[in-house]
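Observations on the model geometry
These are the residues of each chain, in order.
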Amino acid sequence: MRVKSAHVSRRSLLLAAVATLAATQTPAARASEAGRALPRVRLALAASQSLYHLPLTLADRLGFFRQAGVQLEWLPQESGAKALSLALAGQADVVAGAYEHLFGLHLKGLNYQSFVQMSRTPQVSIGGSTRGGMAWRSGADIRGARLGISALDSSTHWTACQWLLRQGLTGEDVVFVPVGSSQGVMEALRSGSIDALCNPDPVMHWLEQKNDIRLLGDARTLQGTRQLMGGSVPGASLLAHVDFLQQHPDRVQALSDGVVQALKWLQTAGLTDILRTVPASHWMGDRAIYLGAFEKLRESYAVDGLVRGEDVAHAWRVNAKLIGAIGPRQVLPERTFTNAFAQKSKGRWLS
């Protein structure tokens, strides 16, 4: 009887240990043991190989998303506006892009929210072509020029419009030319299809280092952004419809965890770490220029993934001036984001 009792006791302890292990396993580990694929999230984004989305690249390459229990289906587009259109058509679950998209969505009565922030600046700049000895003595020289942007209603479009306002001009003083955000924009500049360009890095930094453009406006650094925008504004975020946030909280939390873990990794990463992790196809054939662009942007990446309400409020005031937002529907800035997921991620990875 004692032998049987001891056997039962050992068996009970073993079952308890197994139950404890199962309870503490990550979703990725449980899915792996069960032989099932991880839950997938369809992510739409523009300039997928740019430094704008470096936290996503790192989270994916370093395995942070998989560890958190989610797998991404990348849906690269030529502009943030096109990425957003995929979500509106039900073909994407989450969009990685400019915070300003949320203002337009809320003006249309569409309840989307940012749930983790990747950068603290728009991370784009404006440059004038040096082709043919073009001179850019003042901002007024851009009047009548063909200004390349990724697309209308994109971050590059809004930033360019804000810069024009600072020069005493409006969007009607230039001809906006949508050229996307891939490396093909460089050919558009060199061929003379456009006279100036607003785009993210490393494209802009590469053109600047090759003396193909003269920098006119900068919304990459914290200081440059405050000068251009009159204050701090949020940059790239992951955003989704509230229905998706409520119906798939585990997937959203996994995305937030992956991004915040990547942001933490960035805080101590050296240049060798960057080169070892980022695919060579992102370097545009010149790793020194790529690293130079990264060093300039390093301070612009978010620290903890949290959205600052005061930055959102200021961004809305700036955006409202551009779109003349008066009418029956007004935007409540505090409803364009939630920190519920990023706060949990911060507690897990930054405490």
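Quick look at the structure, then. Just so it is clear, the model here is predicted, and its values are computed rather than measured. Residue numbering note: each chain is counted from 1, following its sequence as written. Given that the model is predicted, a residue must reach a pLDDT of at least 70 before its local features are reported, and side-chain atom pairs must reach 80 or more before they are shown or counted; all residues, however, enter totals for whole chains, interfaces and linings. Only hydrogens and water are set aside; all other atoms, that is, all heavy atoms of the structure, feed into the side-chain values.

Examining the overall build of the chain
Runs of E in the DSSP output that reach at least two residues are strands. Runs of H or I that reach at least four are helices, and both are numbered from the N terminus. Counting secondary structure elements, the chain contains 16 helices and ten strands. Counting over 351 residues, the chain shows a buried share of 53%. We call two residues in contact when some of their heavy atoms are within 4.5 Å. A fraction of 80% describes how many contacts in the chain between residues 6 or more apart in sequence connect residues 24 or more apart. With an accessible surface of roughly 15900 Å², the chain has 52% of that area assigned to carbon and sulfur atoms. Burial classes: relative accessible area under 20% of the type maximum marks a residue as buried, over 50% as exposed, and values in between as partly exposed (1.4 Å probe, protein chains only). Note on areas: Shrake-Rupley, 1.4 Å probe, and residue coverage restricted to the protein chains presented here.

Let's talk about the packing of helix α12 (residues 249-268) against helix α16 (residues 340-349)
Interaxial angle, 0 to 180 degrees, is taken between N-to-C directions of lines fitted to C-alpha atoms, where a helix line uses only the stretch in contact. The interhelical angle for the contact between α12 and α16, taken along N-to-C directions, is 50 degrees, at an axis separation of 8 Å. By the angle between their axes, α12 is oblique relative to α16. You can see that α12 and α16 cross each other, and the crossing is right-handed. Between α12, through Pro249, Val252, Gln253, Ser256, Asp257, Val260, Gln261 and Lys264, and α16, the contact on the second element is made entirely by Phe341, Ala342, Lys344, Ser345, Lys346, Arg348 and Trp349. Polar here means any residue other than Ala, Val, Leu, Ile, Met, Phe, Trp, Tyr, Cys and Pro, which are nonpolar, and Asp, Glu, Lys and Arg, which are charged; Gly is therefore polar. Looking at the contact of α12 with α16 residue by residue, the class counts come to six nonpolar, four polar and five charged. Oblique is the label for every angle not falling under 35 degrees (roughly parallel), over 145 degrees (roughly antiparallel), or within 65 to 115 degrees (roughly perpendicular). The hand of a helix crossing depends on one turn: near helix anticlockwise from the far one by less than a right angle means left-handed, and clockwise means right-handed.

Topic: the pattern of salt bridges
The salt bridge criterion pairs a side-chain nitrogen of Lys or Arg with a carboxyl oxygen of Asp or Glu, the two atoms within 4 Å. If you walk through the whole model with that rule in mind, you get 14 salt bridges. Measuring nitrogen to oxygen at the nearest pair gives 2.9 Å for the salt bridge that ties Asp93 to Arg42. Taken as a pair, Asp93 in the loop between α5 (80-88) and β3 (94-98) and Arg42 in strand β1 (residues 40-46) lie far apart in primary sequence, 51 residues in all. Judged by its relative accessible area of 16%, Asp93 falls in the buried class. With a closest N to O distance of 3.3 Å, Arg131 and Asp195 form a salt bridge. Of this pair, Arg131 sits in the loop between β5 (124-129) and β6 (146-149) while Asp195 sits in the loop between α8 (184-191) and β8 (196-200), and the two are 64 residues apart along the sequence.

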